[in-house]
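So the chains spell out like this:
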Amino acid sequence: MDIDNTSRTMSDIETGTSYFGVQDPEHAIRDLNRFREAGLDAVLHTFSERDRAFYRETMADIVTASHDRGLTTYVNPWAVGGVFGGEEFSRFVARNPDSRQVLNTGERVPAACFNDPAFRKFMREWTRDAAGLGADVLFWDEPHWHNVHWYGDDHPDDVWCCRCDHCRERYRARYDEPMPVTETDRVSTVRERSMVEFLDEMMAVAHDEGAENAVCLLPSQSADHGTRDWAQVAESEYLDVLATDPYWAHAQDVDAGEYVARFGERLVSVADDHDLRSQLWVQGFGLEGESATDDVRTATRTALDLADSVFMWGYDGCRTISEIACEEPMAVWNAYLDELP
């Protein structure tokens, strides 16, 4: 696939990082200052259920400080409901057990269902509060159905979700037949459409609140990971930025540059077809070994050649999250910064 970016210059590309785990505005300001000094012009702030419950005004202050330094500010639902990416727990899931997704075996899992009315109401409220922080963009990060196999579970390969009453009703309304226990193409279609309609509803709320919308789709063609056809998301009238995060270390035996290029070219093609800005994320966590910094440099250069916006997840090589920190986190972070225009 040939992507024509000849009219684009490096100065046109937005560059940024995710930022998380800091609820002290004075500390955050020091980090924001060094991001700006390093040449970044955007930052993503995570806004978890815990942040919303206990740090809302604090987060608004941090967003304001970001704007004061000329940074375009993204805000994302960090692990909210257990259906977005992030290293956080969901209080909603703990307090609303009947809103959880249901496996085709009948078991409940620790993630809310996109079709559950209580969760949709909760997410509309989250969206208004997130936009109310002063966010320029709400970043819908890795929306996905729960997959037990991501957590080292020993369920059979053919286990999937969700098959709760709301999902079964939605299936029957579409096909006028009971939802099967086996995942068929029709089941996958209903799962995809449910997520797309959920995102469209939340993006409409964000739009009404004055924020733009970005959706980051996992680099996959699976109904578990969102949608097999990215155009389904790109068609939304409320979407402004289409993103993906081709984190090469999650795949086996792949070249970082080739992996980023494969999904980056697909991303840019879909974004261009729908007049959207494109955004690629560079892996800055869980990297080990001698090739880590070279891989980051290659991935960053590849992303810059393709997309309108390039971010790293996350700042300082995720050194503050010991479970996913890079082996040499600051070397990874500096490798990313060194390649930016």
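Residues numbered from 1 in each chain as written. Predicted model: local features only at pLDDT ≥ 70, side-chain atom pairs only at ≥ 80, totals over all residues. Heavy atoms only, no water.

Trainee: Help me understand the overall build of the chain in this model?
Mentor: Secondary structure summary: the chain contains 11 helices and 10 strands in total. A compact globule built from 341 residues should have a C-alpha radius of gyration of about 20 Å, and the chain, at 20 Å, falls within 12% of that. In terms of overall dimensions, the chain has a C-alpha envelope of 60 × 45 × 40 Å along the principal axes. Of all 341 residues assigned to the chain, the portion counted as buried reaches 56%. For the chain, the proportion of contacts with a sequence separation of at least 24, taken over those separated by at least 6, is 74%. When the accessible surface of the chain is summed, it comes to about 14800 Å², and 42% of that surface belongs to carbon and sulfur atoms. Taking the 31 positively charged and 66 negatively charged side chains of the chain as two groups, their mean positions are separated by 7 Å. (Helix = DSSP H or I, 4+ residues; strand = E, 2+ residues; numbered from the N terminus. Rg over C-alpha atoms; globule rule 2.2 N^0.38 Å. Buried < 20%, exposed > 50% of the residue type's maximum accessible area, 1.4 Å probe, protein only. Contact = heavy atoms within 4.5 Å. Areas by Shrake-Rupley, 256 points an atom, 1.4 Å probe, with all protein chains shown as cover. Lys, Arg positive; Asp, Glu negative; His and termini not counted. Charge placed at Lys NZ, Arg CZ, Asp CG, Glu CD.)

Trainee: Even after reading the chapter, I still don't get the nonpolar core, so can you show me in this structure?
Mentor: Side chains of a nonpolar character, in soluble globular proteins, are inclined to be buried together. The biggest cluster of nonpolar side chains holds 116 residues, and the ones touching the most others in it are Met 123, Leu 138, Trp 140, Leu 242 and Tyr 336. Broken down by element, the residue count for this core peaks at 10 residues, all from helix H7 (residues 185–208). Not counting residues within four places of it along the chain, the set of residues in contact with Met 123 comprises Val 80, Phe 84, Trp 140, Phe 198 and Met 202. (Core = buried A, V, L, I, M, F, W, Y, C linked by side-chain atoms within 4.5 Å.)

Trainee: Can you walk me through the pairing of strand E10 (residues 309–313) in this structure?
Mentor: On a regular strand, one side chain projects to one face of the sheet and the next to the other, so that they alternate. Among the 5 residues of E10, 5 are classified as buried, and the element is accordingly described as predominantly covered. Burial along E10 is two-sided: the residues Ser 309, Phe 311 and Trp 313 and Val 310 and Met 312 are all buried. For strand E1 (residues 14–19) and E10, the ladder comprises 4 bridges, and the chain directions are parallel. Across the sheet, Thr 15 pairs through a bridge with Val 310, a residue of E10. Sheet topology places strand E9 (residues 277–283) next to E10; 5 bridges connect them, and they run parallel. Bridge pairing links Trp 281 to Phe 311 in E10. In terms of handedness, the path from E9 via helix H10 (residues 292–306) over to E10 forms a crossover that is right-handed. (Pairing = 2+ DSSP bridges. Right-handed = clockwise from strand over helix to strand, strands pointing away.)

Trainee: Just checking my understanding: could you explain the pattern of salt bridges for this structure?
Mentor: Here the idea is simple: oppositely charged side chains can pair when their charged atoms come close. Enumeration over the complete set of coordinates arrives at 18 salt bridges. When the shortest N-O distance is used, the salt bridge between Glu 201 and Arg 120 registers 2.7 Å. Of this pair, Glu 201 sits in helix H7 while Arg 120 sits in helix H5 (residues 117–132); the two residues are 81 residues apart in sequence, bridging distant segments of the chain. With a shortest N-O distance of 2.9 Å, Asp 185 and Arg 228 are connected by a salt bridge. One end of the pair, Asp 185, is in helix H7; the other, Arg 228, is in the loop between strand E7 (212–217) and helix H8 (231–234), and 43 residues separate them in sequence. What emerges from the salt-bridge pattern is a single network uniting Asp 31, Arg 34, Asp 316 and Arg 319. (Salt bridge = Lys/Arg side-chain N within 4 Å of Asp/Glu carboxyl O.)

Trainee: Mind showing me how you'd approach the pairing of E7 here?
Mentor: Judged by how many residues are buried, E7 sits mostly within the fold: 5 of 6 residues are covered. Pairing analysis gives 5 bridges linking strand E6 (residues 137–141) to E7, with the strands arranged parallel. Considered in E7, the bridge of Val 137 is made with Glu 212. By the bridge criterion, 4 bridges tie E7 to strand E8 (residues 241–244) in an arrangement that is parallel. Its bridge partner being in E8, Leu 217 is matched across the sheet by Thr 244.

Trainee: Looking at this structure, how should I read the layout of surface pockets?
Mentor: To find leftover empty space, one rolls a probe the size of a water molecule over the atoms. Each pocket or cavity is described by its volume, and for the largest pocket that value is around 1100 Å³. For the largest pocket, the lining is made up of 34 residues, of which Gly 85, Gly 86, Glu 142, Trp 150 and Tyr 151 are closest to its centre. Its residues placed into classes, the lining of the largest pocket shows 20 nonpolar, 9 polar and 5 charged. (1 Å grid on protein atoms, 1.4 Å probe; cavity = no way out; pocket = protein on both sides within 12 Å on 5 of 7 lines; lining within 4 Å. Points joined across faces, edges and corners; volume = space filled by probe spheres on them. Nonpolar A, V, L, I, M, F, W, Y, C, P; charged D, E, K, R; others polar.)

Trainee: Any chance you could explain the sheet that holds E8 here in plain terms?
Mentor: Across a sheet, paired strands are connected by hydrogen bonds in the backbone, their directions being either parallel or antiparallel. What the 8 strands build is a closed barrel, ordered E1-E2-E3-E6-E7-E8-E9-E10; its pairing is parallel. Each neighbouring strand pair of the sheet contributes to a mean axis angle of 25°, computed without reference to strand direction. Contacts between H7 and the sheet are confined to E6 and E7, with E7 contributing the most and set at about 150° to the helix. Sheet strands in contact with helix H9 (residues 256–273) are E8 and E9, and its direction is about 160° off that of E9. (Axes fitted to C-alpha atoms, helices over the stretch in contact; angles between N-to-C directions.)

Trainee: Which parts of the structure should I look at to understand unusual backbone geometry?
Mentor: Comment: phi is negative for the bulk of residues other than glycine, and the bulk of peptide bonds are trans. With an omega of 25°, the peptide bond running from Cys 161 to Cys 162 counts as cis. On the secondary structure map, Cys 162 appears in the loop between E6 and helix H6 (165–175). Cis geometry is adopted by the peptide bond preceding Gly 314, which originates at Trp 313 and carries an omega value of -5°. Within the element layout of this structure, Gly 314 appears in the loop between E10 and helix H11 (329–339). Even without being a glycine, Cys 318 presents a positive backbone phi close to 60°. Within the element layout of this structure, Cys 318 appears in the loop between E10 and H11.

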